[in-house]
Amino acid sequence: MRKNVLIVGAGGVGHVTAHKCAQHNDILGDICIASRTKVKCDKIIESIKRKNNIKDPMKKLHSAQLDALDIPATIKLINDTGSQIVINLAQPYVNMSLLTACIKTGASYMDTAIHEEPDRGEEEPPWYANYEWPRRDECRKKGVTAILGVGFDPGVVNAYAALAVKHYFDTIDTIDIMDVNAGNHGKYFATNFDPEINFREFRKIWNWIDRKWRLDKVHSVKMIYDFPVVGRQSLYLTGHDEVHSLSKNIDADSVRFWMGFSDHYINVFSVLTSLGLTSEFPVKTAEGLEVIPLKVLRAVLPDPLSLAPNYTGVTCIGDFIKGTKDGKGKEILIYNICDHARCYKEVESQAISYTAGVPPAAAAILISRGDWDIKTMVNVEELNPEPFIERLDKMGLSTIVDEKPPSLKPILDIKCPA
Ligand code: NDP
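Per-chain numbering applies: the sequence of each chain, read as written, is numbered from 1 onward. With the structure being a predicted model, the display of local features is reserved for residues of pLDDT at least 70 and the display and counting of side-chain atom pairs for 80 or more, all residues being used for whole-chain, interface and lining totals. In computing side-chain values, all of the structure's heavy atoms are included and hydrogens and water are not.

## Section: the pairing of strand β8 (residues 205-209)
Summary of the burial criterion: residues with accessible area below 20% of their type's maximum are buried, those above 50% are exposed, and those between are partly exposed, where the area comes from a 1.4 Å probe applied to protein chains only. A run of H or I in DSSP becomes a helix once it reaches four residues, and a run of E becomes a strand once it reaches two; helices and strands are each numbered from the N terminus. The element β8 is largely enclosed, with a buried count of 5 among its 5 residues. Turn length for the β8-strand β9 (residues 212-216) hairpin, with the two strands adjacent in sequence and antiparallel, is 2 residues, and the turn residue Asp 210 shows positive phi of about 50°. For two strands to be treated as a pair, DSSP must find no fewer than two bridges joining them.

Here's what the structure looks like:
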């Protein structure tokens with residue numbers, strides 16, 4: 001049984017994972033939260049105590065300062081804390097360093113976003129082939145469990161695709177992953193997680209369409225879908241990590257990722273981008289100061305954590321899957337609804353961080369118990385989905401399967417003006 005968890009990263013997602021691990025520390029053992037800024041970890045510990053979310057008070061809940069790019073320091077922290085499970089919830093720049101530390105110590109590794117280099121050029125799909133998958137053999141030889149992208153999307157949506165293959169379809173035509181936040185945070189403009197990472201998602205829109213990679217311009221393909229609970233929502237074709245693994249691991253003609261945005265969001269984003277403020281390339285001010293516009297934007301936008309207390313409404317994230325079963329055409333929607341205010345009440349967070357932060361804690365329990373301790377590197381769709389979905393249900397994220405959802409096809413591919 002694997003025990004003691006090291007959570008790296010003390011942002012919105014790390015906050016939720018820490019709460020959830022603490023709620024299950026009778027299974028998971030000691031929990032250490034480490035980040036570049038230790039005081040952020042201490043604030044999470046205060047929040048966990050305030051909400052009385054520690055199951056076993058005899059287990060250690062502590063913090064540490066760590067730069068996860070420093071591999072020897074990370075190895076030392078893993079050893080000093082006796083951590084056998086490491087959950088990476090820092091920025092995706094640290095994935096490869098943290099994975100190296102895990103391979104060297106034998107600890108299990110998890111993350112929720114694909115590796116990125118700060119100065120990455122234009123990477124070709126499938127993105128996991130650039131950094132993660134080449135290290136699979138290393139994990140297998142060392143018997144190290146590495147679960148890639150185990151948040152909600154990527155993560156739970158990959159498990160939904162695996163569930164569809166296992167139980168609902170003989171063949172799959174299309175997997176449409178749809179992510180909608182029908183919530184209101186009361187600010188003029190804000191991103192729901194790290195703005196720097198969020199805006200980098202809108203660079204190149206790669207999707208797997210008719211068994212080929214297709215490149216689209218950001219926000220150039222729109223559709224409207226009539227969701228359960230939240231009704232009609234505008235969605236835009238967006239590139240995302242899970243498209244890159246699902247295209248390889250699941251036999252589907254098309255895998256697409258759609259994200260919901262309001263007209264207001266699209267307008268503000270278009271202005272910021274037109275002005276160059278979402279750029280990651282440095283500019284020089286009149287005073288000779290070199291700054292990266294995207295980092296300045298990150299500094300002025302609201303901290304995603306600060307949105308939580310006043311957030312209302314819900315998120316709806318799921319997979320619309322089209323294929324055949326017993327020779328007949330079939331469509332299903334597998335989804336979750338998550339309420340912002342309920343998340344705040346339970347763990348002092350909003351639903352975006354909650355949906356991303358609960359799954360790695362659930363996966364840690366599955367690794368600890370052995371169900372998912374597979375001793376090699378995998379994406380979530382390669383694992384048995386049922387224990388995960390059952391565990392998520394117990395931990396606050398329930399799954400609904402609608403076998404007669406509103407159809408998606410008639411309103412696809414509305415081209416937006418350039
Ligand atoms: P935040 O920016 O709020 O937090 C990131 C945290 O990581 C900060 O505490 C930061 O420390 C810390 N950090 C960054 N670099 C390092 C480093 N080198 N060493 C140690 N700590 C470091 O991000 P979020 O919590 O919003 O997101 C966390 C991760 O989750 C991201 O990778 C994001 O892409 C992913 N995500 C995944 C989702 C999914 O569903 N799969 C959904 C949402 C997010 P400091 O503040 O001190 O700089």
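## Concerning helix α10 (residues 263-274)
Side chains that are three or four residues apart share a direction in an α-helix, a result of its 3.6 residues per turn. Between its first and last C-alpha, α10 extends 16 Å over 12 residues, near the 16 Å set by a 1.5 Å rise per residue. Contacts are assigned to residue pairs that have any heavy atoms within 4.5 Å of one another. Contacts made by the buried residues of α10 are with α8 (195-200), β11 (231-237) and α11 (293-300). Directly beyond the C-terminal end of α10, a positive phi value near 90° is found at Gly 276. Given the number of residues in a helix, its expected span is that number minus one, multiplied by 1.5 Å.

## Observations regarding helix α13 (residues 351-369)
The terminal C-alpha atoms of α13, which comprises 19 residues, lie 27 Å apart, in line with the 27 Å expected from a rise of 1.5 Å per residue. Burial analysis of α13 places 18 of its 19 residues in the buried class, which makes it a mostly covered element. Of the residues flanking the start of α13, the one acting as N-cap is Gln 350, its side-chain oxygen 2.8 Å from the backbone nitrogen of Ile 352. Just downstream of α13, Gly 370 is the residue with a positive phi angle, here 105°. Under this definition, polar contacts are N or O atom pairs within 3.5 Å; protein pairs additionally need one hydrogen-donor-capable and one acceptor-capable atom, and for neighbouring residues in sequence, both atoms have to be side-chain atoms.

## Concerning the pattern of salt bridges
Throughout this description, the term salt bridge denotes a Lys or Arg side-chain nitrogen within 4 Å of a carboxyl oxygen of Asp or Glu. For the structure on display, the rule yields 17 salt bridges. Between Arg 135 and Glu 138 there is a salt bridge whose closest N-O contact spans 3.0 Å. The class for Arg 135 is buried, based on a relative accessible area of 15%. Between Arg 211 and Asp 251 there is a salt bridge whose closest N-O contact spans 2.8 Å. With Arg 211 in the loop between β8 and β9 and Asp 251 in the loop between α9 (241-249) and β12 (252-260), this residue pair connects regions lying 40 residues apart in the sequence. Take Arg 211: its relative accessible area is 41%, and that puts it in the partly exposed class. Taken together, the shared-partner salt bridges in this structure form one network comprising Lys 20, Arg 342 and Glu 346.

## Points about the packing of helix α7 (residues 156-168) against helix α14 (residues 385-394)
Simply put, an axis is a line fit to the C-alpha atoms, just over the touching stretch for a helix, and the angle between two N-to-C directions goes from 0 to 180 degrees. Running from amino to carboxyl end, α7 crosses α14 at an angle of 125°, the nearest separation of the two axes being 9 Å. Taken together, the axes of α7 and α14 lie oblique to each other. The handedness of the crossing between α7 and α14 comes out as left-handed. Within the contact between the two elements, α7 uses Val 156, Ala 159, Tyr 160, Ala 162, Leu 163, Lys 166 and His 167 and α14 uses Pro 385, Glu 386, Phe 388, Ile 389 and Leu 392. In this classification, the charged set is Asp, Glu, Lys and Arg, the nonpolar set is Ala, Val, Leu, Ile, Met, Phe, Trp, Tyr, Cys and Pro, and all remaining amino acids, among them Gly, are polar. Grouping the amino acids of the contact of α7 with α14 by side-chain chemistry returns 9 nonpolar, 1 polar and 2 charged. Each angle is binned into one of four classes, with values under 35 degrees roughly parallel, values over 145 roughly antiparallel, values of 65 to 115 roughly perpendicular, and all other values oblique. For any helix crossing, the convention is left-handed if the near helix is rotated counterclockwise from the far helix by under a right angle, and right-handed if that rotation is clockwise.

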